[in-house]
Structure formats: C-alpha cells, structure tokens
Amino acid sequence: TRRALRAAKRGERGGRGRFRSAQCARSVRLTSEFEIDAPLETAWAILTDVQLVTPCIPRARLLEMMDETAFRVAVAVRVGLLTIDYVVAVKIDELDEVARTARLRIVGEELLGVGVVSAIVWSRVRTAGERTRVSFEADANIGGIIALVGRPVIELVLRQKMKEFAANVARLADEFALGLLDFP
C-alpha cells in the first residue's frame, strides 16, 4: 500500500519489516587510471582546485565551501531510469604537494531517501612521458535503493562516471593549454 511504502521510505516498520533498501548495503572497491596531454603541474592544479574539478564530475555541483579542506557537493547518479540525488560532504584528509597524492573522505546521503554513501578515495598524479597519469583508488560503502541493483551494476556506473570525469579533466587541461582559461 502507499502508506506502507511511505513509512518504509522513512525507515519505519511497515508490514513485514523495515524497507529493504535501508538495510541493503554494498561495499565497492574501484580503481581507475587515465592519462591526459598536460604537464604534471597543470593536472595537479586542476585536481586540487575544488572550484575547477567539481564541474568535471558528471552531474555534480558545488554547494558550499566550509574551508580549504572541506566542502559539500550535490551529485546525481543515474542507473537506468532511476536517478538518485546525493548531498555529500568531502574532507581532504591528506594533500602531499611533493608526492602529488591526496586522500579524501566522503560521506553523504540521498536527498529524498534513506540511502547513504561513504568512501575513502586516494589519488595520485605522476608523469608518464610527455603526458600525465592520474590514478584513483576508492573503497566505498553504498546503501539505499541504489544498492539493490547489485555490485556489478554499481561498478559499471562508477566506471562510466570516471570515464566522463577523465574526459572533462582532459578538456579543461586543453583549454588551459590553449590559453582559453587562466588559473585562478
């Protein structure tokens, strides 16, 4: 019934128990690597500037900067016909300018549901000949309605988002190289 469904979405007991998606959680480990035609310094500058890098994330927008290492982002994740909107808090735990590595802690929740997401993301930027190689590794826990689709589908969606992200970062680096944009 509609009443039971509304109660379930709120996480209340309804009928035979709690809404299944609230209990369902998936752990996902994702690694991704891409190369761009840009100097190491340019790639690092883009990836460490929250104002520049957030629009590179598909369907994401910066909501608020709390300080230099903490910010909030709205992200929409589309799986088939289903779109889930998240609000996530991102904290830069470590940023090593010499080694060009960073560690981010991400915690968020569905805007209209009971689902949650948390992740630790490690990134590394290094030279690869004339190009720059960017590596990401993430340990994520995803709960809520999107977790019901299963780990293979979640991994597929995350890999697609990383491909789009890589293309957007490469495009932004090209715009800097052509002088179409200036670093802030």
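Every residue gets a number counted from 1 within its own chain, in the order that chain's sequence is written. Where local features are concerned, this predicted model is filtered to residues with pLDDT of at least 70; where side-chain atom pairs are given and counted, the filter is 80 or more; whole-chain, interface and lining totals use all residues. Calculation of side-chain values draws on the structure's entire complement of heavy atoms; hydrogens and water are dropped beforehand.

## A short note on unusual backbone geometry
At Arg59, a position not held by glycine, the phi torsion is positive, near 60 degrees. The phi torsion at Arg100 lies on the positive side, around 60 degrees, for a residue other than glycine. Within the secondary structure layout, Arg100 lies in the loop between strand E4 (82-96) and strand E5 (101-110). Per-residue accessibility, obtained with a 1.4 Å probe over protein chains only, is compared with the maximum for each type, and a residue is labelled buried under 20%, exposed over 50%, and partly exposed between these values. The exposure class of Arg100 is buried, given its relative accessible area of 17%. Numbered from the N terminus, helices here are DSSP runs of H or I no shorter than four residues, and strands are runs of E no shorter than two.

## Quick look at helix H3 (residues 40-47)
Burial analysis of H3 places six of its eight residues in the buried class, which makes it a mostly covered element. Along H3, the residues classified as buried are Leu40, Thr42, Ala43, Trp44, Ile46 and Leu47.

## Points about the confidence of the model for the chain
The share of residues in the chain with pLDDT of 70 or more is 86%, and the mean pLDDT across the chain is 85. Confidence per residue, as judged by the predictor, is encoded in pLDDT with a range of 0 to 100. Confidence, expressed as mean pLDDT per element, reaches its minimum in the chain at helix H2 (residues 20-23) with 46 and its maximum at E5 with 96. For this analysis, residues touch if any pair of their heavy atoms sits within 4.5 Å. The low-confidence segment residues 11-22, where pLDDT is below 50, has 18 contacts with residues more than four positions distant or belonging to other chains.

## Overview of helix H5 (residues 151-177)
A helix is expected to span 1.5 Å for every residue after the first. Compared with an ideal rise of 1.5 Å per residue, which puts 27 residues at 39 Å, H5 spans 39 Å between its outermost C-alpha atoms and is within 8% of the ideal. Tucked inside the fold, the buried residues of H5 contact strand E1 (25-36), H3, helix H4 (50-53), strand E3 (70-79) and strand E7 (131-143). Among the residues trailing H5, Gly179 stands out with phi positive, at a value near 80 degrees.

## Re the nonpolar core
Among buried residues, those of type Ala, Val, Leu, Ile, Met, Phe, Trp, Tyr and Cys that are joined through side-chain atoms within 4.5 Å constitute a nonpolar core. In this structure, Phe34, Tyr86, Val88 and Phe165 are the most contacted members of the largest nonpolar core, which totals 45 residues. Elements supplying a minimum of two residues to this core: E1, H3, H4, E3, E4, strand E6 (116-128), E7 and H5. For this core, the element with the highest residue contribution is H5, accounting for nine residues. Setting aside anything within four residues of it in sequence, one finds Phe165 in contact with Phe34, Leu47, Val53, Cys56, Ile57, Pro58 and Phe136.

## Details of the sheet that holds E7
When DSSP finds at least two bridges between two strands, those strands are taken to pair. The strand order across the open sheet built from seven strands is E1-E7-E6-E5-E4-E3-E2, with neighbouring strands paired in antiparallel fashion. Either end of the sheet is taken by a strand with one partner, and the two such strands are E1 and strand E2 (60-67). Taken pair by pair, the neighbouring strands of this sheet meet at an average axis angle of 20 degrees, ignoring direction. Relative to E7, E6 runs antiparallel, the two sharing 12 bridges. From the neighbouring strand, Trp122 faces E7, where its bridge partner is Glu137. In this fold H3 packs onto E1, E4, E5, E6 and E7, with an angle of close to 165 degrees to the strand it touches most, E6. Relative to the sheet, H5 contacts E1, E3 and E7, its axis offset from that of E1 by approximately 30 degrees. Simply put, an axis is a line fit to the C-alpha atoms, just over the touching stretch for a helix, and the angle between two N-to-C directions goes from 0 to 180 degrees.

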